[in-house]
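Breakdown of the fold
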Amino acid sequence: MIVSMVGNPAALMRVRTSAVSGLSATLLRGFRRWLPPLAILLSLISLWEISMLIWKPAAYLLPRPHDVFSTWIDNISVLSQYGLHTVRTAIVGAAIGGSIAFASGAAVAPIPWVAQPCLAYTAMLQATPTIVLTPLAAVWYGGPGTAARTTIVAVAVFPMMFMSTVRGLSMTPPELERLMRGYAASRTKMFLKIRLPAALPSILSGLKVVVTTAMIVAIVAELFGGPTDSLGAYMRQEAAFFRSRDVWAGALTAVIFGLILYLAAALLERLLLHWDPSVRAASTANN
Amino acid sequence: MSVGEPRARDGRSATITLSHVGKTFLARSGATIALQDLSLEVRDRDFLSVVGPSGCGKSTLLALIGDLGGNYDGEIKVNGRSPRQARLDREYGIVFQEAALLDWRRVGENVALPLEVMNVGQGTRRDRQELVDRMLELVGLSGFKKHYPWQLSGGMKQRVAIARALVFEPHLLLMDEPFGALDEITRERMDLELLRIFEQTRTTILFITHSIAEAVFLSTRVAVMSGRPGRIVDMIDIDLPFPRLAETRQLPEYFEFVTRVRRSLTGA
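Residues numbered from 1 in each chain as written. Chains lettered and ligands numbered in written order. Predicted model: local features only at pLDDT ≥ 70, side-chain atom pairs only at ≥ 80, totals over all residues.

**Quick look at the overall build of chain B**
Convention followed: Numbered from the N terminus, helices here are DSSP runs of H or I no shorter than four residues, and strands are runs of E no shorter than two. Within these notes, the globule rule equals 2.2 Å times the number of residues to the 0.38 power, and the radius of gyration is based on C-alpha atoms. Note on contacts: residues are paired as contacts if their backbone-placed C-beta atoms lie within 7 Å.
Each helix and strand counted, chain B has eight helices and nine strands in total. For a compact globule of 268 residues, the expected C-alpha radius of gyration is about 18 Å, and chain B comes in at 18 Å, within 12% of that figure. Taking the principal axes of the C-alpha coordinates as reference, chain B spans close to 55 × 45 × 45 Å. Within chain B, contacts between residues at least 6 apart in sequence are counted, and of these 70% link residues at least 24 apart.

**Description of the overall build of chain A**
What counts here: Around each residue's C-beta, the other C-beta atoms within 10 Å are counted; 20 or more make the residue buried, 12 or fewer make it exposed, and counts in between make it partly exposed. All C-beta atoms are placed from the backbone.
The helix and strand tally for chain A stands at 12 helices and zero strands. Starting at the N terminus, the α and β elements of chain A follow one another as α-α-α-α-α-α-α-α-α-α-α-α. Across the 287 residues in chain A, those meeting the buried criterion constitute 32%. Restricting the contact set of chain A to residue pairs at least 6 apart, pairs at least 24 apart contribute 75%.

**Thoughts on the packing of helix H6 (residues 133-140) of chain A against helix H7 (residues 146-169) of chain A**
All names here are of chain A. We apply this condition: All axes are obtained by fitting lines to C-alpha atoms, using only the stretch in contact for helices, and the reported angles, taken between N-to-C directions, cover 0 to 180 degrees. An angle below 35 degrees is read as roughly parallel, one above 145 as roughly antiparallel, one from 65 to 115 as roughly perpendicular, and any other as oblique. We call a crossing left-handed when the near helix sits turned anticlockwise from the far one by less than a right angle, and right-handed when that turn is clockwise. Lys, Arg, Asp and Glu make up the charged group, whereas Ala, Val, Leu, Ile, Met, Phe, Trp, Tyr, Cys and Pro make up the nonpolar group; the residues left over, Gly among them, are polar.
The contact between H6 and H7 brings their axes to 9 Å, and the two run at 135°. The angle between H6 and H7 places the two elements in the oblique class. At the point where H6 passes H7, the crossing takes the right-handed sense. Counting all contacts with H6, which are made through Leu 133, Thr 134, Ala 137, Ala 138 and Trp 140, the residues of H7 involved are Ala 148, Thr 151, Ile 152 and Val 155. Per-class residue counts for the contact of H6 with H7 are seven nonpolar, two polar and no charged.

**Some details on the sheet that holds strand E2 (residues 30-43) of chain B**
Residue and element names in this part refer to chain B. Short version of the rule: When DSSP locates at least two bridges between a pair of strands, those strands are taken to pair.
Read across the open sheet, the three strands follow the order E2-E1-E4; overall the sheet is antiparallel. Single-partner strands in this sheet number two, and they are E2 and strand E4 (73-78). On average, adjacent strands in this sheet sit at an angle of 20° to one another, irrespective of strand direction. The pairing of strand E1 (residues 14-27) with E4 spans five bridges and is classified as antiparallel. Bridging across to E4, Thr 17 finds its partner in Lys 77. In the packing of helix H1 (residues 58-65) onto the sheet, the strands contacted are E1, E2 and E4, and the crossing angle to E1 comes to about 115°.

**Looking at the pairing of strand E9 (residues 231-237) of chain B**
Residues and elements named next belong to chain B. Here six bridges tie strand E8 (residues 221-226) to E9, and the two strands are oriented antiparallel to one another. Considered in E9, the bridge of Ser 226 is made with Arg 231. The loop that links E8 with its antiparallel partner E9 comprises four residues; one of these, Arg 228, has a positive phi angle of about 50°.

**Some points on the domain arrangement of chain B**
All names here are of chain B. Convention followed: Residue ranges assigned to each domain were obtained from an automatic or database domain assignment.
Here chain B is partitioned into domain 1 (13-91 + 189-268) and domain 2 (101-169). Taken over C-alpha atoms, the centre of domain 1 sits 26 Å from the centre of domain 2. With eight residues of domain 1 at the contact, the number on the domain 2 side is eight residues. The class makeup of the residues in the side of domain 1 that touches domain 2 is two nonpolar, three polar and three charged.

**Digging into the interface of chain A and chain B**
Between chain A and chain B, the residue contacts involve 15 residues of the former and 18 residues of the latter. Those elements giving two or more residues to the side of chain A that touches chain B turn out to be helix H8 (174-182) and helix H9 (187-223) of chain A. Ranked by the residues each element gives to the side of chain A that touches chain B, the list is headed by H8 of chain A, at seven residues. The residue makeup of the side of chain A that touches chain B, split by class, is nine nonpolar, one polar and five charged.

**Describing H7 of chain A**
Applied cut-off: Working rule for helices: expected span equals 1.5 Å times residues minus one. Fitting axes to the seven residues that end at a residue and to the seven that start at it, the angle between those axes gives the bend at that residue.
Helix length check: H7 of chain A (24 residues) gives 33 Å between terminal C-alpha atoms against 34 Å at 1.5 Å per residue, within 8%. At Phe 158 of chain A, H7 of chain A shows its largest kink, close to 35°, and the proline Pro 159 of chain A lies no more than four residues downstream.

**Some details on unusual backbone geometry**
Residue and element names in this part refer to chain B. With an omega of -5°, the peptide bond running from Phe 242 to Pro 243 counts as cis. With respect to the helices and strands, Pro 243 occurs in the loop between E9 and helix H8 (252-266). We note that Ala 100 has phi near 50°; this positive angle belongs to a residue other than glycine. With respect to the helices and strands, the residue Ala 100 is situated in the loop between strand E5 (92-95) and helix H3 (107-118).

**A short note on the environment of Leu 141 of chain B**
Residue and element names in this part refer to chain B. By secondary structure assignment, the location of Leu 141 is in the loop between helix H4 (125-138) and helix H5 (154-166). Classification of Leu 141 as buried rests on a count of 20 C-beta atoms within 10 Å. When the C-alpha atoms of Leu 141 and Met 156 are compared, they prove to be 7.7 Å apart, with 15 residues separating the residues in sequence.

**Focus on the sheet that holds strand E7 (residues 204-209) of chain B**
Residues and elements named next belong to chain B. The strand order across the open sheet built from six strands is E5-E6-E7-E3-E8-E9, with neighbouring strands paired in mixed fashion. Strand pairing shows two members of the sheet lacking a second neighbour, E5 and E9, which therefore form its edges. Going from strand to strand, the sheet's axes swing by 15° on average, the running direction of each strand aside. Relative to strand E6 (residues 172-176), E5 is paired through four bridges, and the arrangement is parallel. In the sheet register, Gly 93 faces E6, and the bridge partner there is Leu 173. Running at roughly 165° to E9, H8 makes contact with strand E3 (47-51), E8 and E9 of the sheet.

**What about the environment of Leu 23 of chain A?**
By the element assignment, Leu 23 of chain A lies in helix H2 (residues 22-55). Sequence separation between Leu 23 of chain A and Ala 214 of chain A is 191 residues, and the spatial gap between their C-alpha atoms is 39 Å.

**With respect to the nonpolar core**
Side chains that are nonpolar tend, in soluble globular proteins, to be buried together. The following threshold applies: Put simply, a nonpolar core is a cluster of buried Ala, Val, Leu, Ile, Met, Phe, Trp, Tyr and Cys residues tied together by C-beta atoms within 7 Å.
Counting residues in hydrophobic clusters, the biggest one holds 133 residues, and the most contacted among them are Val 153, Val 157 and Ala 214 of chain A together with Ala 163 of chain B. With residues up to four places along the chain from it excluded, the contact list for Val 157 of chain A reads Gly 93, Ala 94, Gly 97, Gly 98, Val 210, Thr 213 and Ala 214 of chain A.

**Here's the deal with the confidence of the model for chain A**
All names here are of chain A. Keep this limit in mind: Confidence of the prediction at every residue is given by pLDDT, a number between 0 and 100.
In this model, chain A carries a mean pLDDT of 86, and residues with pLDDT of at least 70 account for 91%. Summarising per-element confidence for chain A, the mean pLDDT is lowest in helix H1 (residues 2-17) (43) and highest in helix H4 (residues 76-108) (95). This model gives residues 1-19 a pLDDT under 50, and the stretch forms 13 contacts once residues within four places in sequence are excluded.

**Points about the packing of helix H3 (residues 65-74) of chain A against helix H11 (residues 244-272) of chain A**
All names here are of chain A. Here H3 crosses H11 at 70°, and the two axes come no closer than 8 Å. The angle between H3 and H11 places the two elements in the roughly perpendicular class. Together, Asp 67, Val 68, Thr 71 and Trp 72 of H3 and Arg 245, Asp 246, Trp 248, Ala 249 and Leu 252 of H11 make up the contact between the two elements. Tallied by class, residues from the contact of H3 with H11 come to five nonpolar, one polar and three charged.

The following block contains the structure:
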């Protein structure tokens, strides 16, 4: 409903676009692309703001959006500093877990009778809330430190990356395999020139999930004992004092950093997979 | 390019010999005899087409020659070697019905693939680039070196596949219904291109097709195959003059050959 109402002015604009050219046409197109999602977001926030005015709950239960926003602006420098700390844990953990997952996935993928059970076990690991490892990791490392949190992130992203690697490496088009066999190609060349590029779509779509998971797990690990200059610990501490506005401002920071990570992964995908029909379709639909 | 021992190029020595070749597929439902007691000789500089109905085993035949089809009975020799040895020695280029291009590589990089895999044109990038450029010119795609496969039409993709098959300069080209997925008009244009390439490169070609007209137009000889079990039932020399052009398709002799092949096929 909302979408179609917002869509109408866009349709009107389309009629006018033909008469306009060059830069203004590009601007209009960008406007048309961003207008509907922006309008939906603003309506939801307004709805929240208005309901607050009607029901007036206590501020510590649910703050008003504009209060959250102004708190966020006031604390932007310290929040982004804490956020960067969390992002660092997320990225290092994802890099370690992701690399190990890729290497082991690539190692087992050519042997189906090993790869299949491994896939089943990682699917089980995926279903396990890895966060239960937090106290264990603290034991391993003699306390809840950076190493412990990084390890938890690495374990949490492992299944996703492992599965997308194995799945991707099993998607080699048979006609390309036959082609390379005809050239009497070595296993190494087969991997580097055919299997790996053919696996990239799966691996990169896995990476998008990996970076967002890493961010979430890093924050949750910080909730269970992170340093005071991290987003999770900050939010826990503010919650303890019923400073809901600050908790929400922390959450907003987490959302923004999570989005940045996701967009970076999506950009990488678009750059590396410009040849992939599905990526190409998505990017032309957006432009 | 010299691969292995010097080839006998004196006139018309055999390039591929099949003697009493049989192939049986085993399935749970029982055995299917795909090929039985099949003998065939492709001579140097032949353009030999194998024509037959769908499912007669002509693609199986080509797969066996290219060592892509598993075990068989009888004997196959490719340039005097077993199919496996010939494959390892990279004695031939193959083109399939699907172009099988690497979507992530530009046209030029696709053509260069065999050179990279085989370490041909030893090292120097310029040597490889020269070979690639020459091949793209041969198939009429000089202006498309930087294009990606998705930017090409079906016919253009198949040209890239042909350039790729020829880039390491094999003396033998195996083609399994290469134009089968193209429309009639593109197909006839590709036939002309292939004839030009055949005359220009003096490559021996083994061509699989189910089109009688295409087989007659292209070939120096046509092998007619019958199905279940697959056997060669007739061998017809096509004495049409070279160069063959679009007008060749209007010659009365051309129609006579087409009729002859058709009669053989229908067993009349």
